[in-house]
Amino acid sequence: MKVILRNPRREVDVEGKRRVKELLTELGILPSTVLVIRDNELLTSDAMVGGDDVLEVRPVMSGGAGAGA
Amino acid sequence: MKCRKCGGTASLELRRHNAAFCSPHFIEFFRKQVAEAIHRHHMFTREEQIMVAVSGGKDSLALWDVLIEDGYQTAGLYLDLGIFDYSKESKAKCEAFAAARGQTLHIERVAEAVGAPIPVVQQATRRPTCSACGLSKRYLMNRAALQHGYPVVATGHNLDDEAATLFGSVMHWQTDALPRQSPALASTHPKLVRRVKPLYRLSELETAAFAFLRGIDYIVEECPFAKGATSIAHKQVLDRLEDESPGSKHNFLFGFLEKARPAFEKVENVELHECTSCGQVTTGAICAFCKLADLVKRRTS
């Protein structure tokens, strides 16, 4: 599957099937800090992903003086 | 994972509530939390005109969306910070949002007020970018609301923002900042408008999910100056705690608001004056914004 990461934008290819939670752990990302999006739908941490999936892992944090933005 | 309310496929898990919701029921949950915040802190009424400070980010546009959908009378305020393509893109997002919903969007250019865009202010003053930016935003929000006749400014600060700010204040024991940390700050002077934070009960994950599910086109990229900001470091520390113990941020912030803030509020006794330069409210003779603008003028001329 293809995983699109943001800030900075980059793509990584990941082989095999696993749950979203496992994928995020491998990528070193805490589940509560990102939205995981597939086919314009949000996925919860127990969802299975893999194969031809294209996932966007979108960070939710804003900061600096932009907090509240 | 199943929705707590209908048993359908969940879109979002809320570990601190030990719950998960499908899209429609999450949107319902989100709106109820905003309504609860407005009601509990008497933030504004349906008869009042509300100025919503928007940046093009998820929080402020989610807030504006909720208020419009709930029938409140609103207008947006966009502060153009002059931060290269980031400001151009975020301004375009706000303009598109307002146009699609038939809402008024006021635009203020920071460069006109302070004498230079934020990147130049940072270079000229050598003070942390977020500090000068935050100061300018607070000043211009109040000034714009007064000029246009809005009694209240609503900002998109969420639970994570508020917990991180509290963490920073406690880390340095900024006891003067603690009484001012509140979901609603009343007007304490005729030239100070009320400031409210209707999203303070909702996490950053929740505001992002709401914006996504509502199809709001927001700017995902970070402000280029936010990298390395102290507030980001504090958020990362709290994210670790939250992951280990869901509800930590909520308990930290709400415990402070209910148990500790009243004690700090009692001892605060600040005398307010009007700035001799611009007429806005300050605790000294000249306000911090005018001092900043003067410094920028001297260093860039």
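Residues numbered from 1 in each chain as written. Chains lettered and ligands numbered in written order. Predicted model: local features only at pLDDT ≥ 70, side-chain atom pairs only at ≥ 80, totals over all residues.

**Student:** Even after reading the chapter, I still don't get the overall build of chain B, so can you show me in this structure?
**Tutor:** When its secondary structure is counted, chain B shows 11 helices and 10 strands. Against the globule reference of 19 Å for 301 residues, chain B gives a C-alpha radius of gyration of 19 Å, in line with a compact fold. Principal-axis analysis of the C-alpha atoms places the extent of chain B at approximately 65 × 45 × 40 Å. (Helix = DSSP H or I, 4+ residues; strand = E, 2+ residues; numbered from the N terminus. Rg over C-alpha atoms; globule rule 2.2 N^0.38 Å.)

**Student:** Which parts of the structure should I look at to understand the sheet that holds strand 4 (residues 34-38) of chain A?
**Tutor:** In a beta sheet, neighbouring strands are held together by backbone hydrogen bonds and run either parallel or antiparallel to one another. Residues and elements named next belong to chain A. Here we have 5 strands laid out as an open sheet, ordered 2-1-7-4-5, and mixed in their pairing. Both outer strands of the open sheet, strand 2 (10-13) and strand 5 (41-42), are each paired with one neighbouring strand and no more. Pairing geometry for strand 4 and strand 7 (residues 54-59), over 5 bridges, is antiparallel. Note on strand 7: the bridge partner recorded for Val 36 is Val 57. (Pairing = 2+ DSSP bridges.)

**Student:** Explain the sheet that holds strand 8 (residues 194-196) of chain B here, please?
**Tutor:** Residue and element names in this part refer to chain B. In space, the 6 strands of this open sheet follow the order 5-4-3-6-8-7, with mixed pairing throughout. The sheet is open, and its two edges are formed by strand 5 (105-109) and strand 7 (184-185), each paired on a single side. For strand 6 (residues 152-154) and strand 8, the ladder comprises 3 bridges, and the chain directions are parallel. Its bridge partner being in strand 8, Ala 154 is matched across the sheet by Val 196. Sitting on the sheet, helix 3 (residues 84-100) touches strand 3 (49-54), strand 4 (73-80) and strand 5, and the angle it makes with strand 4 is about 165°. (Contact = placed C-beta atoms within 7 Å. Axes fitted to C-alpha atoms, helices over the stretch in contact; angles between N-to-C directions.)

**Student:** Would you mind going over helix 11 (residues 288-300) of chain B with me for this structure?
**Tutor:** Think of an α-helix as 3.6 residues a turn; residues three or four steps apart then line up on the same face. Residues and elements named next belong to chain B. For helix 11, built from 13 residues, the straight-helix expectation of 18 Å at 1.5 Å per residue is met to within 8% by its first-to-last C-alpha distance of 18 Å. Turning to helix 11, its buried residues are Phe 289, Leu 292, Ala 293 and Val 296. One side of helix 11 holds all its buried residues, which, seen down the axis, span an arc of 95°. Contact partners of the buried residues in helix 11: helix 4 (110-114), helix 5 (118-125) and helix 6 (129-148). (Expected span 1.5 Å × (residues − 1). Buried ≥ 20, exposed ≤ 12 C-beta atoms within 10 Å, placed from the backbone. Arc of directions from axis to C-beta.)

**Student:** In this structure, what is going on with the environment of B:Gly247? I would like to understand it.
**Tutor:** Residues and elements named next belong to chain B. Structurally, Gly 247 can be placed in the loop between helix 9 (230-244) and helix 10 (248-267). Taking the C-beta count within 10 Å as the criterion, Gly 247 has 14 such neighbours and is therefore assigned partly exposed. When the C-alpha positions of Gly 247 and Leu 14 are compared, they lie 9.7 Å apart, and in sequence the two are 233 residues distant.

**Student:** Teacher, can you tell me more about helix 6 of chain B here?
**Tutor:** All names here are of chain B. For helix 6, which comprises 20 residues, the first-to-last C-alpha distance of 28 Å matches the rise-based estimate of 28 Å (1.5 Å per residue) to within 8%. Buried residues of helix 6: Thr 129, Cys 130, Ala 132, Cys 133, Ser 136, Lys 137, Tyr 139, Leu 140, Met 141, Asn 142, Ala 144 and Ala 145, and no others. Trailing helix 6 by a residue or two, Gly 149 shows a phi angle of about 80°, which is positive.

**Student:** Honestly, unusual backbone geometry in this entry has me stumped. Any pointers?
**Tutor:** Leaving glycine aside, a negative phi is the common case for residues, and trans is the common case for peptide bonds. For the bond running from A:Asn7 to A:Pro8, omega is 0°, close enough to zero to count as cis. By the secondary structure assignment, A:Pro8 is in the loop between strand 1 (2-5) and strand 2. Although it is not a glycine, A:Asn40 sits at a positive phi angle of roughly 60°. In this fold, A:Asn40 is placed in the loop between strand 4 and strand 5. Among the residues examined, A:Asn40 registers 8 C-beta atoms within 10 Å and is labelled exposed. Here the phi dihedral of B:Asn18 falls at roughly 50°; this positive angle occurs in a residue that is not glycine. Overall, the presence of 10 C-beta atoms within 10 Å leaves B:Asn18 in the exposed class.

**Student:** Whenever I open this one, the pairing of strand 1 of chain A confuses me. Can you help?
**Tutor:** Moving residue by residue along a regular strand, the side chains alternate between the two faces of the sheet. Residues and elements named next belong to chain A. Bridge count between strand 1 and strand 2: 4 bridges; the pairing is antiparallel. Residue Leu 5 lies in a different strand from strand 2, and its bridge partner there is Arg 10. What sits between strand 1 and strand 2 in their antiparallel hairpin is a turn of 4 residues, with Asn 7 showing a positive phi close to 55°.

**Student:** Hey, could you run me through the interface of chain A and chain B in this one?
**Tutor:** Many authors give the size of an interface as the accessible area that is lost as the parts come together. Each partner contributes residues to the interface: chain A has 21 residues there, and chain B has 36 residues. Residues of the side of chain A that touches chain B, tallied by class, amount to 8 nonpolar, 10 polar and 3 charged. (Nonpolar A, V, L, I, M, F, W, Y, C, P; charged D, E, K, R; others polar.)

**Student:** Is there a simple way to explain the nonpolar core in this structure?
**Tutor:** General note: in soluble globular proteins, nonpolar side chains tend to be found buried as a group. Residue and element names in this part refer to chain B. Counting residues in each nonpolar core, the largest one holds 95 residues, and the members touching the most others are Val 52, Leu 77 and Ala 209. No other element matches helix 6, which puts 8 residues into this core. Excluding residues within four positions of it along the chain, Val 52 makes contact with Ser 60, Leu 63, Trp 64, Leu 67, Thr 74, Gly 76, Leu 77 and Ala 154. (Core = buried A, V, L, I, M, F, W, Y, C linked by C-beta atoms within 7 Å.)

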